[in-house]
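Chain by chain, the residues:
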Amino acid sequence: PARTDVYIQGPLVTGVRHVLGSARLLARVVREAVTFGVAYNILAVGAACAGLMSPLLAAILMPLSSLGVVGWVVYRLRASAAPAASAASAASAASAARQSAVCPVPAQARQTPAVGVS
């Protein structure tokens, strides 16, 4: 059987555009998170080695920084998903309007498959 990472259903290439946009966003957010993590660790390890930070404080701050980075990534991805969701709902409404202009049959009738008995 064939395997795939992404399965897009639909007649248009907007799904491909959405997947590529999501991948770019995720790559940007991951780069920002890694940059913050590296910078924090350089500063924290430097401060700990210089004796400016107690071991207890270092032990408390390290997991807090990890939780902060994870929370920030979730926030960034959710914040960017909200405009995309509203754009997607607008696009689906426009698609439905186009479909009803092309096909005057009600949407429920179009979605129900016709089964004939012979």
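Nothing here was measured: the structure is a model prediction, and the numbers come from that model.

Reading guide: rules and limits
Residues numbered from 1 in each chain as written. Predicted model: local features only at pLDDT ≥ 70, side-chain atom pairs only at ≥ 80, totals over all residues. Heavy atoms only, no water. pLDDT = per-residue confidence, 0-100. Helix = DSSP H or I, 4+ residues; strand = E, 2+ residues; numbered from the N terminus. Contact = heavy atoms within 4.5 Å. Polar contact = N/O pair within 3.5 Å; in protein donor to acceptor, adjacent residues only side chain to side chain. Expected span 1.5 Å × (residues − 1). Buried < 20%, exposed > 50% of the residue type's maximum accessible area, 1.4 Å probe, protein only. Core = buried A, V, L, I, M, F, W, Y, C linked by side-chain atoms within 4.5 Å. Phe/Tyr/Trp six-rings, centres within 6.5 Å; stacked < 30°, edge-to-face > 60°. Patch = residues over 30% accessible without salt bridge, like charges linked within 9 Å, V, L, I, M, F, W, Y side chains within 5 Å. Areas by Shrake-Rupley, 256 points an atom, 1.4 Å probe, with all protein chains shown as cover. Salt bridge = Lys/Arg side-chain N within 4 Å of Asp/Glu carboxyl O.

Enquirer: Mind showing me how you'd approach the confidence of the model for the protein here?
Expert: The predicted model of the protein has a mean per-residue pLDDT of 76, with 67% of residues at 70 or higher. When pLDDT is averaged over each element of the protein, helix α1 (residues 14-49) comes out on top at 89 and helix α3 (residues 107-111) at the bottom at 49. Taken together, the stretch residues 99-104 has pLDDT below 50 and engages in 3 contacts with residues farther than four places along the chain or on a different chain. Residue range residues 109-118 is modelled with pLDDT below 50. Its contacts to residues more than four positions away, or to other chains, number 4 contacts.

Enquirer: Please clarify how the side chain of S65 should be interpreted in this entry.
Expert: Tracing the chain through its elements places S65 in helix α2 (residues 55-102). Separated by 2.8 Å, the side chain of S65 and the backbone oxygen of M62 make a polar contact.

Enquirer: Even after reading the chapter, I still don't get α1, so can you show me in this structure?
Expert: Structural remark: α-helix, 3.6 residues per turn; residues separated by three or four positions point the same way. Over its 36 residues, α1 runs 52 Å from end to end, which matches the ideal 52 Å to within 8%, given 1.5 Å per residue. Of all the positions in α1, only L25, V29, A33, Y40, A44 and A47 are classed as buried. Positioned one or two residues after α1, G51 has a phi angle of 80 degrees, which is positive.

Enquirer: Looking at this structure, I do not really get the nonpolar core. What am I missing?
Expert: Across soluble globular proteins, nonpolar side chains have a tendency to be buried as a group. In this structure, L25, V29, A33, V69 and V73 together form the largest nonpolar core, which totals 5 residues. Mapped onto this core, the elements with two or more residues apiece are α1 and α2. If one sorts the elements of this core by residue count, α1 sits on top with 3 residues. Residues within four places of L25 in sequence aside, it is in contact with L77 and S80.

Enquirer: Quick question: what am I supposed to make of the packing of aromatic side chains here?
Expert: The description of two aromatic rings rests on the distance between their centres and on the angle between their planes. Tallied over the full model, the rule gives 1 aromatic pair. Ring centres of F36 and Y40 lie 6.3 Å apart, and the angle between their planes is 20 degrees; this geometry places the pair in the stacked category. Placement of the pair is F36 and Y40 together in helix α1, with a separation of 4 residues, close to one helical turn.

Enquirer: Sorry if this is basic, but what is going on with a nonpolar patch on the surface here?
Expert: A contiguous nonpolar surface patch, about 390 Å² in accessible area, is contributed by V6, I8, V13, V16 and L20. With respect to the helices and strands, V16 occurs in helix α1. Relative accessible area serves as the criterion here: at 41%, V16 is assigned to the partly exposed category.

Enquirer: What is the right way to read the pattern of salt bridges from this model?
Expert: Where charged atoms from two side chains of opposite charge come close, those side chains can pair. Tallying each qualifying case throughout the model produces 1 salt bridge. Salt-bridge contacts for E32 lead to R76; the nearest nitrogen and oxygen are separated by 3.4 Å. Of this pair, E32 sits in helix α1 while R76 sits in helix α2; the two residues are 44 residues apart in sequence, bridging distant segments of the chain. Accessibility expressed as a relative area gives 29% for E32, which makes it partly exposed. Residue R76 is classed as partly exposed on the basis of its relative accessible area of 26%.

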